[in-house]
Amino acid sequence: ARFREAVAAAAAAGAGAVHDGDAAAFVAWRARAAEDWAALLRLRATELRVGGLFVACIAAWKNGHNPEGMEPFYLALEAMVAAGEVNEHAAKELVIPAYTRDEVELRAPFGGIEGEGGEFCGLRLEKLEFVLGENSYWENGMAGDVYAERWIGAMMAVMRPMFLDAWDGVVENPIETVAKLETRTKKIVAHDPRRYRKEFPAAILSIRKVAD
């Protein structure tokens with residue numbers, strides 16, 4: 001499938017993103033992610049008193065990115081293109097969030113990997129731990145269609161507004177087209193639920209306000 005080819009190409013190029021293997025798109029996402037992370041830290045720095053602790057749990061991989069986590073959405077989109085339900089232009093307009101931060105990005109404001117003890121806006125990173133969170137949507141013995149409904153249903157509650165916005169003015173009926181994408185994605189997961197019964201990678205950060 002084109003999705004798997006794009007993942008392989010991005011990994012070989014060191015890009016770590018899908019975007020049809022477009023390294024430039026990954027660079028743009030990474031720059032925006034860095035701006036967002038710095039903005040969040042600045043906000044927390046203004047809210048905390050000296051001595052206060054900010055604990056964050058953020059989707060992240062220690063050494064890279066995880067586009068495979070969104071595989072069923074990409075495969076469903078490819079199937080829609082193949083079936084003539086959307087064209088290539090519409091497919092490229094849809095942003096499926098497959099970006100996760102890595103250790104380098106999370107540590108960057110504090111001086112990077114070598115910057116132990118560094119500060120940013122009076123904040124100091126005291127602890128950074130990478131974990132695999134439990135997949136709370138899955139239960140042993142669960143039928144594939146039930147799992148798909150739980151997991152993809154929850155994901156769509158977050159992503160549906162983004163998809164509708166992306167396809168507004170691009171496809172004839174955004175609501176109907178997004179519904180088709182959701183249905184196809186659920187069928188992919190239901191067909192092979194164990195493939196998509198993945199734990200969720202995250203970073204837990206403890207950040208202390210040490211100065212004004």
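Here the structure is shown first, and the text comes after it.
For every chain, the first residue of its written sequence is number 1, and the numbers climb from 1 along that sequence. The predicted origin of the model limits local features to residues at a pLDDT of at least 70 and limits the giving and counting of side-chain atom pairs to 80 or more, whereas totals for whole chains, interfaces and linings rest on all residues. Excluded from the side-chain calculations are hydrogens and water; all other atoms, namely the structure's heavy atoms, are used.

### Considering the pattern of salt bridges
Then, number 1: Each reported salt bridge corresponds to a side-chain nitrogen of Lys or Arg within 4 Å of a carboxyl oxygen of Asp or Glu. Per the counting criterion, the structure on display carries 16 salt bridges.
Then, number 2: Of the charged contacts, one joins glutamate 71 and arginine 195 as a salt bridge, the two residues approaching to 2.8 Å between their closest N and O atoms. With glutamate 71 in helix α3 (residues 71-82) and arginine 195 in the loop between α7 (174-191) and β4 (200-209), this pair connects stretches of sequence that are 124 residues apart.
Then, number 3: On the basis of relative accessible area, glutamate 71 is assigned to the buried category, the value being 4%.
Then, number 4: Exposure classes here rest on a 1.4 Å probe applied to the protein chains alone. A residue is buried below 20% of its type maximum, exposed above 50%, and partly exposed in between. You can call arginine 195 partly exposed: its relative accessible area is 36%.
Then, number 5: The shortest N-O distance in the salt bridge between lysine 186 and glutamate 149 comes to 2.9 Å. One end of the pair, lysine 186, is in helix α7; the other, glutamate 149, is in helix α6 (residues 144-167), and 37 residues separate them in sequence.
Then, number 6: For lysine 186, a relative accessible area of 15% gives the class buried. The way it works is that DSSP assigns letters per residue, a run of H or I at least four long becomes a helix, a run of E at least two long becomes a strand, and they are numbered from the N terminus.

### Overview of the pairing of strand β3 (residues 123-133)
Then, number 1: When DSSP locates at least two bridges between a pair of strands, those strands are taken to pair. Direction of pairing for strand β2 (residues 119-120) relative to β3: antiparallel, over a ladder of two bridges. For glutamate 119, the partnering residue across the bridge sits in β3 and is arginine 124.
Then, number 2: Hairpin connection, β2 to β3: the antiparallel pair is bridged by two residues, and cysteine 121 has positive phi, about 55°.
Then, number 3: With 10 bridges joining them, β3 and β4 adopt antiparallel strand pairing.

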